[in-house]
Structures are given as structure tokens and as C-alpha cells.
Amino acid sequence: APIYYNGHDTNPGATTVATGRDNNRFVYAGAEYTTHGFSVSASYANGRDPSRPNVVDLDMYSGGLGYRFSPALKLTGGIYYLKDTNNSANKSLEFAAGVEYSLSKATILYAQAGHVNNEGTMTTSITYGAPVAPHSGSTAVNLGLRHNF
């Protein structure tokens, strides 16, 4: 599914005066194919500041695999590569894996783990809102129970 977004005056401060500056563009294309319990997916995304393309221009490539072993058990994994198109030293590589087990139609147990490794000045974190220092990595694991009412 392709997506295109173009924003003006995004991320303003409390006292920022709108200028109409074209400063947030996002393009995405991705697909998933599933057959006989096996899934494969791939995507490409680009995020940039059109008003300053020599400062902010990021490409992300991703791929994923999954297999449903039974109606109750599913295993998934993915790899994500993020690069700064303005500086080849800046890049991030993330690996993630997850398992879901259905206790019933409405209740699922899940576990997820992931690791991201940053190079150059990249600060990509494995969890949203948890910044990491440049040229370092982070790992996260979570376990949970999801119930739909």
C-alpha cells in the first residue's frame, strides 16, 4: 500500500508563527503476501525535509517473515535498515522477533524482542520516546496479554 504525506509548518513551537514552509514529507510503499501459513513482507520509506534536503533525508528498507504453526501459534521476525542519504556513515540496523499464542478468540499471550545498532550520529531507539546516544545500540523485550472486548 503506497502512502504519501506532505506537511507544512510541522513541529511548531508554542510561539512559532506559521510560514507555510514545506518541511515534512513522507513516502511509503509496502506489501505482504501470505500463503499456507507463511508470510513475507517488504517495504521502502523516505522521510525528508524538502526545505532542507541536504540536512534531513532518510531512507528505510524493511523485510519480514512469519509463520503460523497452528491456529493458535504465530512467529514473526523483521529487519529494518535506516540510512541517512546525506551521510553514508549514519545508519541503523534493527532486528525484531515476536511470538503470539492465542488462548481463545479474544485473548492472546505475546512476547517480543528487538535490538537496534546505530552507526555515525544515528540515534534510533528500539522503543518510541526512549532516546539513545549516537553510535550505540539498545535492546528491548516485552511480554504481554492482549484481550479484545
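It should be noted that the structure appears before, not after, this text.
In this text, all values refer to a predicted model and were calculated from it rather than measured experimentally.

Asks: Give me the lowdown on the overall build of the protein, citing residues and values where you can.
Replies: Across its full length, the protein holds zero helices and eight strands. For the protein, buried positions account for 23% of its 149 residues. The contacts of the protein with a sequence gap of at least 6 include a subset with a gap of at least 24, amounting to 37%. Computed over 10 positive and 10 negative side-chain charges, the inter-centroid distance for the protein is 6 Å.

Asks: Could you give an account of the pattern of salt bridges, naming the residues involved and the relevant values?
Replies: Counted by the stated rule, this structure contains four salt bridges. Close ionic contact of E100 with R146 constitutes a salt bridge, the shortest N to O distance being 3.0 Å. Separated by 46 residues along the polypeptide, E100 in strand β6 (residues 91-102) and R146 in strand β8 (residues 137-147) bring together distant segments of the chain. Linked by salt bridges that have partners in common, K74, E100 and R146 make up one network.

Asks: An account of unusual backbone geometry is needed here, citing residue identities and associated values.
Replies: Generally, phi is negative for residues other than glycine and the peptide bonds are trans, each holding for most cases. Residues other than glycine seldom take positive phi values, yet H36 does so here, at roughly 50°. In this structure, H36 sits in the loop between β2 (22-35) and β3 (38-48).

Asks: Any chance you could break down the pairing of strand β7 (residues 107-119) for me, citing the residues and the numbers?
Replies: Two faces make up the sheet, and in a regular strand the side chains alternate between them. Summarising the sheet, β6 and β7 pair through 12 bridges and their orientation is antiparallel. Within the sheet, the bridge partner assigned to G98 lies in β7 and is Q112. Sheet topology note: the β7/β8 ladder contains 11 bridges and is antiparallel. Residue pairing for β8: G114 is matched across the bridge by A140.

Asks: Please provide a residue-by-residue account of the sheet that holds β2, values included.
Replies: Read from one edge of the open sheet, eight strands run β1-β2-β3-β4-β5-β6-β7-β8, paired in antiparallel fashion. Of all the strands in the sheet, the pair left with one neighbour each is β1 (3-8) and β8. Each adjacent strand pair in this sheet contributes to an overall mean axis angle of 10°, direction not counted. Here β1 pairs with β2 via six bridges, running antiparallel. Looking at β2, one finds that G7 is bridged to N24.

Asks: Go over the pairing of β3 with me, naming the residues and quoting the values.
Replies: Bridging between β2 and β3 involves 11 bridges; their strand directions are antiparallel. The residue of β3 that forms the bridge with G30 is S43. Where β2 hands over to β3, the hairpin turn is made up of two residues, of which H36 adopts a positive phi near 50°. Pairing of β3 with strand β4 (residues 57-68) involves 11 bridges; the strand directions are antiparallel. The residue bridging A42 from the neighbouring strand is G63, located in β4.

Conventions adopted
- In this numbering scheme, every chain counts its residues from 1 along its sequence in written order.
- Local features in this predicted model are restricted to residues of pLDDT 70 or higher, and side-chain atom pairs are both shown and tallied only at a pLDDT of 80 or more, whereas totals for entire chains, interfaces and linings draw on every residue.
- Only hydrogens and water are set aside; all other atoms, that is, all heavy atoms of the structure, feed into the side-chain values.
- A helix here means a DSSP run of H or I that spans at least four residues, while a strand means a run of E at least two residues long, and both kinds are numbered starting from the N terminus.
- Only protein chains enter the area calculation, which uses a 1.4 Å probe; residues under 20% of their type maximum are buried, those over 50% are exposed, and those in between are partly exposed.
- Residue contacts follow a heavy-atom distance rule, with two residues in contact if any of their heavy atoms lie within 4.5 Å.
- Residues scored as positive are Lys and Arg, those scored as negative are Asp and Glu, and His as well as the terminal groups of each chain are ignored.
- The location of each charge is read from NZ of Lys, CZ of Arg, CG of Asp or CD of Glu.
- When a carboxyl oxygen of Asp or Glu lies within 4 Å of a side-chain nitrogen of Lys or Arg, that pair is called a salt bridge.
- Only strands joined by at least two bridges in the DSSP assignment are considered to pair.
- To obtain an axis, a line is fitted to C-alpha atoms, over the contacting stretch when the element is a helix, and the angle between two such axes runs from 0 to 180 degrees between their N-to-C directions.

So far we have only geometry, and geometry alone does not tell us how the molecule works.
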